[in-house]
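# Summary of the model geometry
Spelled out, the chains give:
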Amino acid sequence: MRKLLSATVVAIAASIGNVAFGLDTYWIGGASGEFNTDSNWSGGRAPYTANYFVHVTNETPVTITFTGGATIGGITFSGANHAIVSGRSGSTVYIKTGESGKPRIEVADGLTATVGINVYPVTSNQNGLYKLGKGKLVTKAELGNSARYFSFLDIEEGEISHESAGGDSVNVGGDMRIRSGAKFTGVNNNPLQNNTVV
């Protein structure tokens with residue numbers, strides 16, 4: 001009885017730990033594929049809640065097509081230059097992501113990751129971004145989707161660069177923090193203006 005009770009406690013503790021600390025899921029879908037297809041992810045299930053932390057680690061470039069909405073805990077790109085692109089024209093596609101309401105994207109040193117969809121905080125429909133890793137993150141407006149509007153911008157490391165699809169703009173309505181050695185370039189590599197660095 002004592003052994004059975006002990007095993008039950010361990011199982012419950014492990015379950016609580018997964019909820020508290022997040023579930024790591026890895027892209028296994030090859031060079032291209034749909035984000036929401038279960039078989040493209042380790043564990044056989046597409047990430048769908050803020051407990052999931054997505055990792056794209058392939059040693060060759062991967063292009064992930066996104067045609068809907070999802071809530072995840074964060075995205076880490078490593079191994080090669082990867083991209084998440086919009087697969088639906090004329091409407092906004094998005095990922096809601098972020099620990100404590102901060103959308104978190106990390107790009108490994110020496111790499112470039114391209115994100116052609118909107119990234120929202122979990123707690124809001126306004127865009128914002130918390131950038132980690134020494135690599136470069138390129139945000140793009142494509143297929144008629146809306147421009148990037150950052151309600152906050154926090155660049156811990158590396159670079160964020162926005163590429164316009166025409167008539168696009170980048171504005172930071174709230175706090176903007178760029179750490180020493182990090183940088184941001186705005187529409188078509190023009191410097192971002194009229195915002196406060198904190």
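Along each chain, residue indices are assigned from 1 in the same order as the chain's sequence is written. Totals for whole chains, interfaces and linings use every residue, but because this is a predicted model, local features are given only for residues with pLDDT of at least 70 and side-chain atom pairs only at 80 or more, for both listing and counting. With hydrogens and water stripped out, all remaining heavy atoms of the structure feed into the side-chain values.

## Looking at the packing of aromatic side chains
We apply this condition: Put simply, two rings from Phe, Tyr or Trp (the six-membered ring, in Trp's case) pair if the centres are within 6.5 Å, and we call them stacked under 30 degrees between planes, edge-to-face over 60, tilted for the rest. For helices the rule is a DSSP run of H or I covering at least 4 residues; for strands it is a run of E covering at least 2, with both sets numbered from the N terminus onward. With a 1.4 Å probe rolled over the protein chains alone, any residue whose accessible area is under 20% of its type maximum counts as buried; one over 50% counts as exposed, and the rest are partly exposed.
Counted according to the given criterion, the structure contains four aromatic pairs. Here Trp 27 and Trp 41 contribute two aromatic rings whose centre-to-centre distance is 5.1 Å and whose plane-to-plane angle is 85 degrees, an arrangement assigned as edge-to-face. On the criterion of sequence distance, the pair formed by Trp 27 in the loop between strand E1 (23-26) and strand E2 (32-34) and Trp 41 in the loop between E2 and strand E3 (52-56) is long-range, its members being 14 residues apart. Ring plane angle 70 degrees and centroid distance 5.3 Å describe the contact between Phe 35 and Trp 41, whose orientation is recorded as edge-to-face. Residue classification places Trp 41 among the buried residues on the basis of a relative accessible area of 1%. Taken together, the ring pairs in this structure connect Trp 27, Phe 35, Trp 41 and Phe 66 into an aromatic cluster.

## What about the sheet that holds strand E13 (residues 136-140)?
Here is the rule: A pair of strands is labelled paired if DSSP reports no fewer than 2 bridges between them. Here an axis means a line fitted to C-alpha atoms, over the contact stretch when the element is a helix, while the angle between two N-to-C directions is reported on a 0 to 180 degree scale.
Spatial strand order, E2-E4-E7-E10-E13-E15-E18: seven strands in an open sheet with parallel pairing. The sheet terminates laterally at E2 and strand E18 (183-185), the two strands that pair on one side only. Across the sheet, the mean angle from the axis of one strand to that of its neighbour is 20 degrees, orientation sign disregarded. Note: strand E15 (residues 159-163) against E18, three bridges, orientation parallel. Note on E18: the bridge partner recorded for Ser 161 is Thr 185.

## Things to note about the pairing of strand E4 (residues 63-66)
Here E4 shows a clear split, with Ile 64 and Phe 66 buried on one side and none of Thr 63 and Thr 65 buried on the other. Summarising the sheet, E2 and E4 pair through three bridges and their orientation is parallel. Paired with Ser 32 across the two strands is Thr 63, which belongs to E4. With four bridges connecting them, E4 and strand E7 (residues 83-86) associate as parallel partners.

## Side note on the pairing of strand E10 (residues 112-115)
Where burial is concerned, the two faces of E10 differ: the one with Ala 113 and Val 115 is buried and the one with Thr 112 and Thr 114 is not. Two elements, E7 and E10, share two bridges in a ladder whose sense is parallel. In the sheet register, Ile 84 faces E10, and the bridge partner there is Val 115. In this structure, E10 lies alongside E13, joined through four bridges in parallel fashion. When the bridges of E13 are listed, Thr 114 appears paired with Val 138.

## Observations concerning the side chain of Thr 25
Put simply, the rule reads: In protein, a polar contact means a hydrogen-donor-capable atom and an acceptor-capable atom, both N or O and within 3.5 Å, with residues adjacent in sequence counting only if both atoms are side-chain atoms; elsewhere, any N or O pair within 3.5 Å suffices.
Note that Thr 25 resides in strand E1. For Thr 25, a relative accessible area of 2% gives the class buried. Side-chain polar atoms of Thr 25 contact the backbone oxygen of Ser 42, separated by 3.4 Å.

## Details of the nonpolar core
Put simply, the test is: To define a nonpolar core, start from buried Ala, Val, Leu, Ile, Met, Phe, Trp, Tyr and Cys residues and group those joined through side-chain atoms within 4.5 Å. The contact rule is simple, with two residues in contact once any of their heavy atoms fall within 4.5 Å.
In terms of nonpolar packing, the biggest core is built from 29 residues, with Phe 35, Ile 64, Ile 75, Phe 77, Ile 105 and Leu 137 touching the most fellow members. Every element with two or more residues in this core is listed here: E3, E4, strand E5 (69-72), strand E6 (74-77), strand E9 (104-107), E10 and strand E14 (149-155). Discounting chain neighbours no more than four positions away, the residues touching Ile 75 are Val 54, Ile 84, Ile 95, Arg 104, Ile 105 and Glu 106.

## Comments concerning the pattern of salt bridges
Short version of the rule: Salt bridges are defined by distance alone: a side-chain nitrogen of Lys or Arg within 4 Å of a carboxyl oxygen of Asp or Glu.
Taken as a whole, this structure holds five salt bridges when the rule is applied. Between Glu 106 and Arg 104 there is a salt bridge; the shortest N-O distance is 3.4 Å. Between Arg 177 and Asp 154 there is a salt bridge, with the nearest N and O atoms lying 2.9 Å from each other. Of the two residues, Arg 177 is situated in strand E17 (residues 176-178) and Asp 154 in strand E14; the sequence distance between them amounts to 23 residues. When its relative accessible area of 27% is taken as the criterion, Arg 177 is described as partly exposed. Among the charged side chains, a salt-bridge network with shared partners connects Asp 154, Glu 156, Arg 177 and Arg 179.

Read these as geometric descriptors, not functional statements.
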